[in-house]
Amino acid sequence: MILHTVNKSPFTTRALAECLRFIVPGDSILLLEDGVYAASKSGPTALIDVDTPVYAIKADVDARGLSRHLVDTVQVVDYDGFVRLCTDHDVIKNWS
Amino acid sequence: MKFAIVVHGAPYASGSSWSALHFARAVIRSGHEIYRVFFYHDAVYTASALMAPPQDELDVHGQWVDLSKQHTVELVVCIASSLRRGMLDETEADRYEKPGHNLDDAFVISGLGQLIDAGLNADRLVTFGA
Amino acid sequence: MKKLMFVQTHAPHGSLFGQEGLDAILMGTAFAECTVLLLADGIFQLLDGQTPAALGTRDYSVTYGALKDYGVSTIYCSASDLATRGLVPSDLTVDVTPVDDDRIKALFAEHDVIFSA
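So, a few notes on the structure that sits alongside this text. Along every chain, residues carry numbers that run from 1 in the direction the sequence is written. Here every chain gets a letter starting at A, and every ligand a number starting at 1, in the order they are written. Side-chain atom pairs in this predicted model are given and counted only at pLDDT of 80 or more, local residue features only at pLDDT of at least 70, and totals for whole chains, interfaces and linings cover all residues. Note that the side-chain values use all heavy atoms of the structure and ignore hydrogens as well as water.

1. Considerations on the pairing of strand β2 (residues 28–31) of chain A
All names here are of chain A. The buried label applies to any residue whose accessible area, calculated with a 1.4 Å probe on protein chains only, is under 20% of its type's maximum; exposed applies above 50%, and partly exposed to all values in between. Here a strand is any run of E in DSSP of at least two residues, a helix any run of H or I of at least four, and the numbering for each starts at the N terminus. Neither face of β2 is exposed, since S28 and L30 on one face and I29 and L31 on the opposite face are all buried. Only strands joined by at least two bridges in the DSSP assignment are considered to pair. Relative to β2, strand β1 (residues 2–6) runs parallel, the two being bridged by 4 bridges. Residue H4 lies in a different strand from β2, and its bridge partner there is I29. Relative to strand β3 (residues 54–57), β2 runs parallel, the two being bridged by 3 bridges. Note that in β3 the partner of L30 across the bridge is Y55.

2. Structural notes on the interface of chain A and chain C
Should any heavy atoms of two residues lie within 4.5 Å, those residues are counted as being in contact. If you look at the interface, chain A gives 12 residues, while chain C gives 14 residues. Buried surface at the junction of chain A and chain C, both sides included, amounts to about 1,000 Å², of which 64% is carbon and sulfur. Here the quantity called buried area is the accessible surface, traced with a 1.4 Å probe, that two parts lose on coming together, added over both. When residues of chain A are sorted by the area they lose upon contact with chain C, A:R21, A:F22 and A:K93 head the list and together hold 51% of the total. Any carboxyl oxygen of Asp or Glu that lies within 4 Å of a side-chain nitrogen of Lys or Arg is treated as forming a salt bridge with it. The interface formed by chain A and chain C includes 2 salt bridges. Here C:D81 makes a salt bridge to A:R21, at a shortest N to O gap of 2.9 Å. Three classes are used: nonpolar for Ala, Val, Leu, Ile, Met, Phe, Trp, Tyr, Cys and Pro, charged for Asp, Glu, Lys and Arg, and polar for all others, with Gly counted as polar. Class assignment of the residues belonging to the side of chain A that touches chain C gives a composition of 7 nonpolar, 1 polar and 4 charged.

3. Considerations on the interface of chain C and chain B
Across the boundary between the two partners, chain C contributes 21 residues, which contact 17 residues of chain B. Between chain C and chain B lies a buried interface of about 1,500 Å² when both sides are counted; carbon and sulfur atoms form 68% of it. On the chain C side of the interface with chain B, the three residues burying the most area are C:F17, C:E20 and C:F115, jointly 35% of the side's total. At the surface where chain C touches chain B, the tally comes to 2 salt bridges. In this structure, C:E20 engages B:R85 in a salt bridge whose closest nitrogen and oxygen atoms are separated by 2.9 Å.

Honestly, that's just the spatial picture; any functional story needs more than this.
Set out below in structure tokens:
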């Protein structure tokens, strides 16, 4: 199982789109830095299979003023949660 | 678990160094071990001892140095990336007859073998892309 | 022994990600079994006919051809990314094995560490 991390905005790069091509059951997605813009209601999270857990780093969400704009299915986590996600998955793959 | 952390982005051009730092602290806080932090590509700029940010701004370099000293975390910068970008310790500065050196003592210049070794010997390798 | 995968996604010459990424691959081959995958603009690193002399950058595409001597028997690339860029395997300077997204998913699952560049 892979934890896919995406740190770029879906509006400016294809990092998230590339990542989404290769998601399999059991994988999860973690959005951080500008990647959290994908978690906003205006972002392309509708493209993410509903069975794929999507997480967003709280510090990045809050810094960007996105907490009121998040899609309900995205789970906000702190860095301790990021570490737990890493231990729960076999491999971590960054898309940048 | 043992974590290898790989940083690709320059300290202020990218969020990667700051994210990696927060992650590193969380690894330690969670009771895990950091096997090595490897700075590659433009991330080698993080090692500059000459950074002097305003006091009310992020001190990326200073925070990495503090983490390294408080928790004995190995911070490695890739030698090839470092030489290209003018990040030199005293040995390399002498070797290449440069007018100064700028690598903070908390960082070690080494080869890509350290990156591969980290991948092979840590339980998890986490990359923070540029 | 762990299996290492290296994913290259950057075009050459506009940055050092590709060249430095290849340096990491070469080092990896000295330690373990390595798989190389070119995705997105990473495919452009193998485009035949690169002449970067005027730029002063290095044509390191030939180094990919030497990887087979270091145990990398297959260089994979995304078939759809190749097609999107209007390319066919004969446009590339080294033999590649184009694979579909399902095969790439399987490749990811077969490896213990994925290095991204």
